[in-house]
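Next come the chains, spelled out residue by residue.
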Number of protein chains: 2
Amino acid sequence: MKIILLSGGSGKRLWPLSNEIRSKQFLKIVKNEEGEAESMVQRVYRQIQASSLNAETAITTSKTQVESIKGQLNDKVSIIVEPERRNTFPAIMLSAAYLYFEKKCGFDETVVILPVDPYVDNRYFSTLKLLDKAIQTGAAEIVLMGVKPTYPSEKYGYIIPAETSQEAVSVRSFKEKPDTLTAGELIKQGALWNCGVFAAKLSYLTNILKSRLSCNSYSDVFENYSKLEKNSFDYVVLEKSKSIAVIPYDGEWKDLGTWNTLTEVMDNKPIGDVILTEDCQNTHAINELEIPVIVMGAKDMVVAASPDGILVADKEQSSYIKKYVENCDMRPMFEERSWGDYTVLNVSIDEQENKTVTKKKCIRAGSVINETSHKTHSEVWTILSGKAIININGRNHDALPGDTYTIPQNTLHSLTAVDNTILIEIQITG
Amino acid sequence: MKIILLSGGSGKRLWPLSNEIRSKQFLKIVKNEEGEAESMVQRVYRQIQASSLNAETAITTSKTQVESIKGQLNDKVSIIVEPERRNTFPAIMLSAAYLYFEKKCGFDETVVILPVDPYVDNRYFSTLKLLDKAIQTGAAEIVLMGVKPTYPSEKYGYIIPAETSQEAVSVRSFKEKPDTLTAGELIKQGALWNCGVFAAKLSYLTNILKSRLSCNSYSDVFENYSKLEKNSFDYVVLEKSKSIAVIPYDGEWKDLGTWNTLTEVMDNKPIGDVILTEDCQNTHAINELEIPVIVMGAKDMVVAASPDGILVADKEQSSYIKKYVENCDMRPMFEERSWGDYTVLNVSIDEQENKTVTKKKCIRAGSVINETSHKTHSEVWTILSGKAIININGRNHDALPGDTYTIPQNTLHSLTAVDNTILIEIQITG
């Protein structure tokens, strides 16, 4: 059994904590049993490791998330990098190609596809074993996991089984986002929420791939990725499949995609430098900035501050945030990288339209910012703390606090952190 | 007639826009008739100039506010600097000494004392003329201005006149912060709010001064300032005076000391980079940061973001902010100076407790940052834009964008801005 975690999402609905690089699954706002904050990527990966599944796991994602994943998990995790964002059908095809051509998996191996960001309990992973078993015993070509609904939601897709059972049973039909009344009727018939989890034999997936693309290597698929239909696997495959079964999962399942659902799994304590006065009711506050936040007399609200911006929202209203964020045309102000992270402190544009960007970079001891050069700007680095070796144009410099280095345009430079190092980088364009 | 404007206040009640240096009277959130934002200092000073009073005006304040006043008014305004903060009685004595010893004013000159921060209309300044007239015709030794109450407030002090009149009438008594019922009764008797405005002859004030301190020059008073009773002029003089009259002011008067009162005179438009969704009700938002603020579905709230912090408060609750801000032990993150302003972008303390502070300084063309040196830290200056002459240890450097200068500890340095200049300053301690 191989596990593929799909890590997608632009994450605008959890603005300002999420942005195009820092999707919701990377936010460290859910606590583990030891009370430490962890992200959904970390939580799901930890849950898989802690389960008895013993399954090799790879994460399929876009280039923009690779650094965040390496930073949050470790350098050894297998990452399948999509050449471009093209929805789940191409991503799953690329994953199948990776398992077949690169990992040399057998055709009979069960492949389980999971989204990387559901908030679930351990029964979820035990149910995956049942999916594997159902595939290996030939119950169907595709076996889905269906979540036992807790209320007649209008937000989810429903899987309607041919009969009610704890075992794998055939799927009769699908129903996307029904109204509440219909949802209630479906639930009476034993319908389950589609949570995007399914299992199939590798051969089933590679056969679909080969029907679309002639390929003899992983790079054949990678290079012809744009030829794969830009649509969801649900639409392209599931809804047309003749041999499809579902197994119910009767445990906690939350899609932490909005502030409203996310705050449901957060405890009451604010995160960061926050004073929440006693007269606040059902209010959550998260502050990633270095300045204090005071919240007084708020009711049913969420307050979130990050280098990208500040949200103050009624929880119900917060689910409509996407359209407002789309009007905020800003670069991400905070990014995790494999070597640490950076925060944009200032962007200035002068009267002659020359632009400067001031960043604080935190580089972990032993990490390296790889050699690069910039065509459009020069840089000034000033070391605040730590110890690093800075290489400019092939010459090494031992850099200590107070030292400053000017790196002209088109000049190769790299940095190796000897100790944890903090520096201010000023980029000057023009 | 001479006008003394008293500029005091620590300004914690309008946090995060105000701080110990930037008191509420310096906040540019009230609009003038041309729709331009101006501060209360600017508004009151402009109103005095525009009135037909033709009175020389000086501002009495503490050292911490001098740069802000010069930055907001101009370099030529007369400023009387208190050697230390000691309440209104010493401040008024110092002001009298200044008028007598420095300005050589005559004993018969009327001195009008005004707070610098009330929100008033032009009738206020016409009423000052009546105060002057009453003093010159000998109506009383002290003549107060009393505001016609609009509701039985428990927050203010009341002046109870001997009879009701539009002219100067004797004061019968004072009542500080009565309960609503008593306030209602007092208003029926013609009582007026004490708004801290009074007039007296200079001789009246200097006589009080001489009874406390033997002095033959302004510096005698300045140097012995700590010997003057640390109390309010109301307590030390007014409440004990035998010859005191009051003239009513029947016009707009607002003490913009809390978010609740301040937002009453603001228009509905948010200030700064703010999206306020349509479903917000009676909500004001001010953003001085360079990152966007989105407010959704808020009701009766104020949202204020500055380099010092972020406030999200129910308007009613916001008047209790002071006690929470007192727990925020932070340096001011934004200051106006005579040469421009600076914002603290980052404060870092490393594992060895070495501290660095990164500031963005904006220096107006033609302005000078005077020569100084620092015992505790070195500095790195990087020019982002503009043109300046930087002098380090007596040597001039023509500084242009991208140039960087390291200024070691105990090294004299100054800057003259040729054009509007922006630089990043990094202070490194240890």
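What you see is a predicted model, and the numbers here were worked out from it, not measured in a lab.

Parameters at a glance
- Residues numbered from 1 in each chain as written.
- Chains lettered and ligands numbered in written order.
- Predicted model: local features only at pLDDT ≥ 70, side-chain atom pairs only at ≥ 80, totals over all residues.
- Heavy atoms only, no water.
- Least-squares fit on C-alpha atoms with pLDDT ≥ 70 in both.
- Contact = heavy atoms within 4.5 Å.
- Pairing = 2+ DSSP bridges.
- Helix = DSSP H or I, 4+ residues; strand = E, 2+ residues; numbered from the N terminus.
- Axes fitted to C-alpha atoms, helices over the stretch in contact; angles between N-to-C directions.
- Buried area = accessible area lost by both parts, 1.4 Å probe.
- Salt bridge = Lys/Arg side-chain N within 4 Å of Asp/Glu carboxyl O.
- Polar contact = N/O pair within 3.5 Å; in protein donor to acceptor, adjacent residues only side chain to side chain.
- Phe/Tyr/Trp six-rings, centres within 6.5 Å; stacked < 30°, edge-to-face > 60°.
- Buried < 20%, exposed > 50% of the residue type's maximum accessible area, 1.4 Å probe, protein only.
- Lys NZ or Arg CZ within 6 Å of the ring centre and 35° of its normal.
- Parallel < 35°, antiparallel > 145°, perpendicular 65-115°, else oblique.
- Left-handed = near helix turned anticlockwise from the far one by under 90°.
- Patch = residues over 30% accessible without salt bridge, like charges linked within 9 Å, V, L, I, M, F, W, Y side chains within 5 Å.
- Areas by Shrake-Rupley, 256 points an atom, 1.4 Å probe, with all protein chains shown as cover.
- Lys, Arg positive; Asp, Glu negative; His and termini not counted.
- Charge placed at Lys NZ, Arg CZ, Asp CG, Glu CD.
- Disulfide = S-S within 2.5 Å.

Visitor: Explain the relation of the copies chain A and chain B to me, and be specific about the residues and the numbers.
Guide: With an RMSD of 0.1 Å, chain A superimposes on chain B once it is rotated by 180° and translated 0.0 Å along the axis. As the rotation angle and translation indicate, the two copies are arranged about a two-fold axis. No C-alpha of chain A lies nearer the rotation axis than that of L345(A), which sits 2.9 Å from it. A shared binding surface is used by both copies, with 100% of the interface residues of chain A retained as interface residues in chain B.

Visitor: Got a sec to walk through the sheet that holds strand β25 (residues 395-399) of chain A? Specific residues and values, please.
Guide: All names here are of chain A. Taking strand neighbours across the sheet as the criterion, the four strands line up as β22-β27-β24-β25 in an open arrangement whose pairing is antiparallel. Two strands lie at the open edges of the sheet, namely β22 (368-372) and β25, each paired on one side alone. Strand-to-strand twist across the sheet, computed as the mean angle between neighbouring axes with direction ignored, equals 20°. Of the strand pairs in this sheet, strand β24 (residues 388-392) and strand β27 (residues 413-417) are connected by five bridges, and their pairing is antiparallel. The partner of A388 across the bridge, within β27, is A417.

Visitor: Any chance you could break down the interface of chain A and chain B for me, citing the residues and the numbers?
Guide: Taken together, the contact between chain A and chain B spans 56 residues of the former and 56 residues of the latter. Both sides of the chain A and chain B interface together cover about 4,300 Å² of buried area, and 71% of this is carbon and sulfur. When residues of chain A are sorted by the area they lose upon contact with chain B, I294(A), M296(A) and I310(A) head the list and together hold 17% of the total. Summed over the shared surface of chain A and chain B, the result is zero salt bridges. Our enumeration of links across chain A and chain B arrives at 14 residue pairs in polar contact (both at pLDDT 80 or more). No other element matches strand β18 (residues 309-314) of chain A, which puts six residues into the side of chain A that touches chain B. Here β18(A) runs beside strand β16 (residues 293-296) of chain B; their pairing, made up of four bridges, is parallel.

Visitor: Go over the packing of aromatic side chains, please, and point to the residues and values.
Guide: Using the criterion set out here, one finds 24 aromatic pairs over all chains in the structure. Relative to F233(B), the ring of F198(B) has its centre 4.6 Å away and its plane inclined at 5°; by these criteria the two rings are stacked. Of this pair, F198(B) sits in strand β11 (residues 192-201) while F233(B) sits in helix α8 (residues 233-236), and the two are 35 residues apart along the sequence. The exposure class assigned to F198(B) is buried, which follows from its relative accessible area of 3%. Through successive ring pairs, a cluster of aromatic residues spans Y151(A), Y156(A), W193(A) and W253(A). In this arrangement the basic side chain of K240(A) is found over the ring face of Y235(A), its NZ or CZ atom lying 4.3 Å from the centre.

Visitor: Describe the pattern of salt bridges, and please don't skip the residues or the numbers.
Guide: Pairing between side chains becomes possible if they bear opposite charge and their charged atoms approach one another. Taken as a whole and assessed by the stated rule, the structure comprises 32 salt bridges over all chains. Here K24(A) makes a salt bridge to D117(A), at a shortest N to O gap of 3.3 Å. Here D117(A) lies in the loop between β6 (110-115) and β7 (118-120) and K24(A) lies in the loop between β1 (2-7) and β2 (30-31), a separation of 93 residues in the sequence. Classification of K24(A) as partly exposed rests on a relative accessible area of 22%. A relative accessible area of 17% places D117(A) in the buried class. Here K254(B) and E264(B) are joined by a salt bridge, their closest N and O atoms 3.8 Å apart. Placement of the pair is K254(B) in strand β13 (residues 253-255) and E264(B) in helix α9 (residues 259-265), with a sequence separation of ten residues. A relative accessible area of 52% means that E264(B) is categorised as exposed. If you follow the salt bridges from partner to partner, you end up with K2(A), E56(A) and K103(A) in one network.

Visitor: Please provide a residue-by-residue account of the pairing of strand β8 (residues 142-147) of chain B, values included.
Guide: All names here are of chain B. Across the six residues that make up β8, a large majority, six, are buried. The alternating pattern of β8 places I142, L144 and G146 on one face and V143, M145 and V147 on the opposite face, and all of these are buried. In the sheet, β8 pairs with strand β12 (residues 244-249) via six bridges, with the strands oriented parallel. Bridge assignment links L144 to a residue of β12, and that residue is V246.

Visitor: Go over the environment of T283(A) with me, naming the residues and quoting the values.
Guide: Residues and elements named next belong to chain A. Mapped onto the secondary structure, T283 falls in the loop between β14 (274-276) and β15 (284-287). The class for T283 is buried, based on a relative accessible area of 5%. When the C-alpha atoms of T283 and G297 are compared, they prove to be 9.4 Å apart, with 14 residues separating the residues in sequence. For T283, the side chain forms a polar contact with the main-chain oxygen of Q281, separated by 2.9 Å. Here the side chain of T283 touches A298 through a polar contact of 3.2 Å, landing on its backbone oxygen.

Visitor: Please set out the sheet that holds strand β23 (residues 377-385) of chain A residue by residue, giving values where relevant.
Guide: Within a sheet, each strand pairs with its neighbour through backbone hydrogen bonds, oriented either parallel or antiparallel. All names here are of chain A. Taken in spatial order, the six strands line up as β19-β20-β21-β28-β23-β26 in an open sheet, and their pairing is antiparallel. Strands with a single pairing partner mark the edges of an open sheet, and in this sheet they are β19 (334-337) and β26 (404-407). Recorded for the sheet is a direction-independent mean angle of 20° between the axes of neighbouring strands. Two strands pair when backbone bridges link them, and strand β21 (residues 355-363) and strand β28 (residues 421-429) are joined in this way by eight bridges, in the antiparallel orientation. Counted as the bridge partner of C362 is I422 from β28.

Visitor: Help me get a handle on the packing of helix α3 (residues 88-102) of chain A against helix α6 (residues 202-212) of chain A, residues and values and all.
Guide: All names here are of chain A. Taken N-terminus to C-terminus, the directions of α3 and α6 make an angle of 115°; their axes are 9 Å apart at the nearest point. Classified by the angle between their axes, α3 and α6 sit roughly perpendicular to one another. Relative to α6, the crossing made by α3 is left-handed. Only L202, L205, T206, I208, L209, K210 and R212 of α6 make contact with α3, whose side of the interface consists of F89, I92, M93, A96, A97, L99 and Y100.

Visitor: Give me a positive patch on the surface: which residues, what numbers.
Guide: Residue and element names in this part refer to chain B. Positive charge collects at one region of the surface, where K12, R13, K177 and K322 lie side by side. Mapping R13 onto the fold places it in the loop between β1 (2-7) and β2 (30-31). When its relative accessible area of 39% is taken as the criterion, R13 is described as partly exposed.

Visitor: Kindly report on the environment of Q25(B), identifying the contributing residues and their values.
Guide: Within the secondary structure, Q25(B) is located in the loop between β1 and β2. Reaching out from Q25(B), the side chain makes a polar contact with the backbone oxygen of G8(B) at a distance of 2.7 Å.

Visitor: Can you lay out helix α2 (residues 63-72) of chain A for me, pointing to particular residues and giving the numbers?
Guide: All of the buried residues in α2(A) are Q65(A), V66(A), S68(A), I69(A) and Q72(A). Close packing links the buried residues of α2(A) with β1, α1 (40-50), β4 (56-62), β5 (78-82) and β19 of chain A.

Visitor: How would you explain the state of the cysteines if you had to name every residue and give the values?
Guide: Residue and element names in this part refer to chain B. Applying the stated criterion to the full structure yields zero disulfides over all chains. Looking at C215, it has no disulfide partner, and the nearest cysteine sulfur is the one in C105, 15 Å off. Residue class for C215 comes out buried when judged on its relative accessible area of 8%.

Visitor: I'd love a proper account of the side chain of T206(B), names of residues and values included.
Guide: All names here are of chain B. Within the fold, T206 resides in helix α6 (residues 202-212). Among the residues examined, T206 registers a relative accessible area of 2% and is labelled buried. A distance of 3.2 Å separates the side chain of T206 from the backbone oxygen of S203, its partner in a polar contact. The residues contacting T206, other than those within four sequence positions of it, are A96, Y100 and F107.

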